[in-house]
Amino acid sequence: MLNTSADTPKNTMTTGHKPPVSELARFRAQRLTQVYWITLVGLGVAIIANWKISADLTTVLILSLAEILLIWGLRDLKNNKVDQAASILLWTLSLSLTGSIVINSGLRDPALLAYPAILIFAALFGNTRLFISLFSFLIFSIIFVGATDIYQWKEFKQFTINWTNITDALIILIVIGFTVRFQALDLRNALKRLERENEKFRVSEAKASYLAQYDSLTGLPNRALCENRFALALHTQQRRGGLCALLFIDLDNFKTINDSLGHSIGDAVLKTIADRITDSIRASDTACRFGGDEFIVILTDLQDATQAERISTKLLRTLSKPLQLEQHFIDTSASIGIVLAPQDGDSFDAYCKNADIAMYQAKADGKNLCRFFNDQMNTLSKERFELITGLRSAIKRREFRLHYQPKISLASGKWIGAEALLRWQHPEKGLLAPGIFMDLAEETGLIIDIGKWVLQEACTQCRIWHDQGFDSLDIAVNLSSVQFSRGNLEREVKKALRKSGLDGHYLELELTESLLLGDAENVRTQVDKLRAHGISFSIDDFGTGYSNLSYLSKFDIESLKIDQSFVRKILNSEQDLNITIAIINFAKSLGLTTVAEGIEDAKIMAKLKALGCDLGQGYYWSKPLDAEAFTQQLQQNLSKCSADTSTSGATESNH
Ligand SMILES: Nc1nc2c(ncn2[C@@H]2O[C@@H]3COP(=O)(O)O[C@H]4[C@@H](O)[C@H](n5cnc6c(=O)[nH]c(N)nc65)O[C@@H]4COP(=O)(O)O[C@H]3[C@H]2O)c(=O)[nH]1
């Protein structure tokens, strides 16, 4: 039964406003209005027929009264009093039809045909009370009129068919027909809507249950399903005998790819990797995405551990094949940790943790490798955890230090700048080089805070040197790709310059090649903003990254730093010599300064000078020094250079 509290007069009275009308109530009111109008028209036609054809004025009077009552009911409908309007309609019809029956032919009167229609209307539009009261009234009317006829309390008119009867019968039929048709349509539409809703629900339920078990990006089972599959594999294996293995695969350079080439390329790489893994294993094995760039492979039916190793090696080979996405050629590789079941764990979490530890060992041993888990690795994993915990508090505990390595003009031997290199004065392990903690700092995002500290400290120290009279000295600071992608570099650099009072022209930021390749637009925007403050840029470890040189034209940089792996071997390896020559010539053609890193002896220095390299850096002059030691060496170099200049000046004037 359609009934809404919004229709109740109580509601209207208490709020003093029109009650809010629900969609359903509005729809019901609309239908009732249509039925009202059909009935009004029907009654109108019946009035005319009774008047013109039968000249039955009593019936005309009853029907006219009914017409007036219905017009009154329509007003209620307009005011959203749907229940009230339904009552008026049905009581008006019941009373007028019963009146007509009593006046005319009793139970033989065609108006009796409308009784079932009234009950249908009551069932569709009214509430239970209205239905029961009308039902009772109609039953009573039939009994009463029937008894009147049987016991001759009143003589009814003889029933003879005339055109008024036909018109009345047609009107009743038409009104019932339309109303039933409307209701049938409503019911059908409601069913269709319900079906559509059901379908939507089924689709979203299927999607939710898919997402609860599968990774939406790669389509591989997710961690939850992986756990189930592993439990199943273990159970089957225990019944059949033999071994199961769980391989924990982590991509070696995914963070760099994602940070430098952007997330859409990152996603495409993950999809390709997922496909490659799936293609490399048997249908009975399972590949899952564990999260981020981590995948798990469950191998079953293994005879011995070497089989797991063979499959891992095959996976490493497949995953290290370069892939091309859009215009990018991307080098990928992975590290794999292997655990065997049942011996390497007692729960899914324990197997995963141990495989993760083995995977980290593979990374520590040089990446693109696989390693089986063993108990000693637990110690290593603990160390890693302790290192991360230590790193988190190292800034607050003021444990970071900067060491400075001079940059020397190969032509004059003068110290023209310094590169700031980070050190961690660990409370137990002593002074740690960045190689030990930099990857962890980047992985955990701690590099952002550490990088801020480095910038501030380096700018402050350079300003101190300027104040001490070394006022042309530059300072170079290394930047991580994470600082570009996640930090607010411009704000941090400006802050460091403002707080230290250093002129931006003395600050150089060292970038890596991979950084420039990726989200080039973002990097270029940030580089351009920083250049507006006078800051210059160099590319570190040049020649080791992606050998796509076209990116250089897009960025305004000042210098290329030739990687020490080439520099160290220029006297012994023709190939490294040729690469070094090519880089120097290439830099010159673009008007860039070249800096050779890792110069350890005079012969290499002389060779680079002869090749036209501008600046050098390396143990030949000095290892990275703390600020105090650097200042002393700087002073000595300045004195030496001044002495050399005056000697050469004196020699020239003697000539
Ligand atoms: N064998 C040999 N080595 C030489 C010689 N001359 C210099 N080196 C070492 O080569 C590295 C040069 O720095 P890099 O290429 O920027 O490479 C740096 C840089 O990429 C990164 N790094 C250092 N400090 C920071 C920092 O504050 N922020 C960031 N993001 N990275 C940093 O860590 C890397 C390693 O830094 P370090 O361990 O200090 O190692 C330094 C330096 O001590 C030489 O003649 N022979």
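Everything that follows concerns the structure shown earlier in this document.
Residues numbered from 1 in each chain as written. Predicted model: local features only at pLDDT ≥ 70, side-chain atom pairs only at ≥ 80, totals over all residues. Heavy atoms only, no water.

**Thoughts on the overall build of the chain**
To keep it simple, the criterion reads: Counting from the N terminus, the helices are the DSSP runs of H or I reaching at least four residues and the strands are the DSSP runs of E reaching at least two. The rule is simple: take the accessible area with a 1.4 Å probe, protein chains only, and divide by the maximum for that residue type; under 20% is buried, over 50% is exposed, in between is partly exposed. The contact criterion used throughout is that any non-hydrogen atoms of two residues lie within 4.5 Å. All accessible-area figures derive from a Shrake-Rupley calculation using a 1.4 Å probe, and residue coverage is judged against the displayed protein chains alone.
Secondary structure assignment for the chain yields 24 helices and 16 strands. Per-residue burial for the chain yields a buried fraction of 48% across its 655 residues. In the chain, the share of contacts with a sequence separation of at least 24, taken over all contacts with a separation of at least 6, comes to 68%. Counting only carbon and sulfur atoms, one obtains 56% of the accessible surface of the chain, whose full area is about 33300 Å².

**Let's talk about the site of the ligand**
For the record, the criterion: We call a residue near a given molecule or strand whenever any one of its heavy atoms falls within 4 Å of it. Definition of a polar contact: a pair of N or O atoms within 3.5 Å, with one able to donate and the other able to accept a hydrogen when the atoms are protein atoms, and with sequence-neighbouring residues admitted only if both atoms are side-chain atoms.
The environment of the ligand is formed by 23 residues, the closest being R423, D540, Q564, E600 and Y619. Between the ligand and the protein, one listed contact pairs an oxygen atom with a side-chain N or O atom of R423 at 2.8 Å. Within the side chain of E597, a nitrogen or oxygen atom sits 3.1 Å from an oxygen atom of the ligand. Relative to its free-state accessible area of 780 Å², the ligand is covered by the protein chains to the extent of 81%.

**Regarding the environment of W415**
On the secondary structure map, W415 appears in strand β9 (residues 415-426). Taking the C-alpha atoms as reference points, W415 and Q405, separated by ten residues in sequence, lie 9.7 Å from one another. Apart from the residues within four sequence positions on either side, W415 is in contact with P406, K407, I408, L473, S622, F630, Q633, L634 and N637.

**Looking at a positive patch on the surface**
Let me state the cut-off plainly: For patch building, the residue pool is restricted to those with more than 30% relative accessible area and no salt bridge; the joining distance is 9 Å between like charges and 5 Å between nonpolar side chains (Val, Leu, Ile, Met, Phe, Trp, Tyr). Each salt bridge in this description consists of a side-chain nitrogen of Lys or Arg and a carboxyl oxygen of Asp or Glu lying within 4 Å of one another. Positive charges come from Lys and Arg, negative ones from Asp and Glu, while His and the chain ends are left out of the count. Think of each charge as sitting on NZ of Lys, CZ of Arg, CG of Asp or CD of Glu.
The grouping of R181, R188, K192, R193 and R196 at the surface amounts to a positive patch. With respect to the element layout, K192 can be found in helix α7 (residues 163-211). On the basis of relative accessibility, which here comes to 47%, the residue K192 falls in the partly exposed class.

**Things to note about the pattern of salt bridges**
Under the definition given, this model contains 26 salt bridges. Two residues, D215 and R289, come together in a salt bridge whose shortest N-O distance is 3.1 Å. Within this pair, whereas D215 is found in the loop between α7 and α8 (223-240), its partner R289 is found in strand β2 (residues 286-291), the two being separated by 74 residues in sequence. Overall, R289 belongs to the buried group, its relative accessible area being 13%.

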